[in-house]
Amino acid sequence: LGWAEQKIAELCQIDTQLWGRPIVSGSRQDDPRRIEFLEQHGFHVGGPFSEVNMLCTLDKPIPEFTLPVGCQVRAVVEGNLDEISNRAAIQREVWQPWTVGNVTNQDYAQFMHLPGYERELDIIAIAPDGVIASYVNGWIDPLNKIGDLGPLGAHPAYRRQGFSQAALTECLRRMQAGGMDRVSVSTGVDNTPAIRLYESLGFKIVNQYIEYVKPGERNQ
């Protein structure tokens with residue numbers, strides 16, 4: 001930590017606007033030693049990225065979920081440039097200006113070839129007008145038999161219409177069929193709609209990641 005703070009101080013002399021921001025770290029709420037360390041070194045709870053960690057077991061059948069007539073829930077089609085373009089577009093729509101939203105069509109095409117990516121777990125829910133209304137990326141660890149969800153997003157014009165629930169349900173069903181026995185997901189502590197959605201599918205809060213902030217050079 002001392003080394004990092006020294007380097008940041010040096011960089012701040014070059015560009016205060018960029019490097020004079022608060023220093024950010026974090027800890028799980030069940031890690032008292034790390035929390036004590038951060039507090040002893042001037043960090044305090046704050047920042048927008050504190051999350052709840054949620055877990056769902058897959059030891060029971062996944063409930064059926066039926067969308068209205070004309071809607072579809074399926075995996076992204078491989079090699080279809082229009083589909084890849086639309087898939088990248090909704091991620092930008094949902095997440096920009098956050099980093100996860102900074103994805104071009106080419107970025108997403110390359111992403112689909114990365115290790116760990118499973119096209120059959122890249123699930124989209126499509127509205128009757130052909131727009132991708134919601135999506136979720138699923139990831140699996142076959143060794144430990146645990147899945148992970150994220151990112152998840154819904155187009156602003158199609159929220160609270162069941163599209164996200166449909167995409168999540170299909171992804172959970174595929175993970176269960178693939179031998180996973182539990183699935184994890186994280187979301188912001190203040191993201192009540194997302195927490196309620198996950199809870200409706202059987203997820204329970206099991207931990208929390210707390211963001212800690214220390215004023216930067218410019219703020220001291």
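Values in this document were obtained by computation on a predicted structure and should not be read as measured data. Every chain begins its residue count from 1, and numbering advances along the sequence as written. Where totals are concerned, whole chains, interfaces and linings use all residues; where local detail is concerned, this predicted model gives features only for residues with pLDDT of at least 70, and gives and counts side-chain atom pairs only at 80 or more. Side-chain numbers here rest on the full set of heavy atoms in the structure, without hydrogens or water.

### Quick look at the packing of aromatic side chains
For this analysis, a ring pair means two rings from Phe, Tyr or Trp (six-membered ring only for Trp) whose centres lie within 6.5 Å, classed as stacked if their planes differ by under 30 degrees, edge-to-face if by over 60, and tilted for the remaining angles. All told, the structure shown has seven aromatic pairs when counted by the stated rule. Geometrically, the ring pair formed by Phe49 and Trp98 is edge-to-face, given 5.4 Å between the ring centres and 75° between the ring planes. Of this pair, Phe49 sits in the loop between strand E2 (44-45) and strand E3 (51-57) while Trp98 is found in the loop between helix H4 (81-95) and helix H5 (105-111), placing the two residues 49 residues apart along the sequence. Each residue in the set Tyr108, Phe111, Tyr117 and Trp139 is aromatic and connected to the rest through ring pairs, giving one cluster. Helix numbers and strand numbers start at the N terminus; a helix is a DSSP run of H or I with at least 4 residues, a strand a run of E with at least 2.

### Examining the pattern of salt bridges
Salt bridges are defined by distance alone: a side-chain nitrogen of Lys or Arg within 4 Å of a carboxyl oxygen of Asp or Glu. Taken as a whole, this structure holds 12 salt bridges when the rule is applied. For the salt bridge of Arg28 with Asp30, the shortest nitrogen-to-oxygen distance reads 3.1 Å. Two residues, Arg173 and Glu64, come together in a salt bridge whose shortest N-O distance is 3.8 Å. In this pair, Arg173 is assigned in helix H6 (residues 163-177) and Glu64 in the loop between E3 and strand E4 (72-75), connecting sequence segments 109 residues apart. Per-residue accessibility, obtained with a 1.4 Å probe over protein chains only, is compared with the maximum for each type, and a residue is labelled buried under 20%, exposed over 50%, and partly exposed between these values. A residue is classified by how much of its surface remains accessible, and Arg173, at 24% relative accessible area, is partly exposed. A relative accessible area of 67% means that Glu64 is categorised as exposed. It is possible to trace a salt-bridge network through shared partners that takes in Glu64, Glu78, Arg119, Glu120, Glu170, Arg173 and Arg174.

### Digging into the environment of Gly70
Inspection of the secondary structure puts Gly70 in the loop between E3 and E4. Should any heavy atoms of two residues lie within 4.5 Å, those residues are considered in contact. The residues touching Gly70, leaving out its near neighbours within four places in the chain, are Ile126, Ala127 and Pro128.

### Description of the environment of Asn137
Checked against the element boundaries, Asn137 lands in strand E6 (residues 132-141). The class of Asn137 is buried, set by a relative accessible area of 2%. Along the primary structure Asn137 and Gly150 are separated by 13 residues, whereas in three dimensions their C-alpha atoms are 5.2 Å apart.

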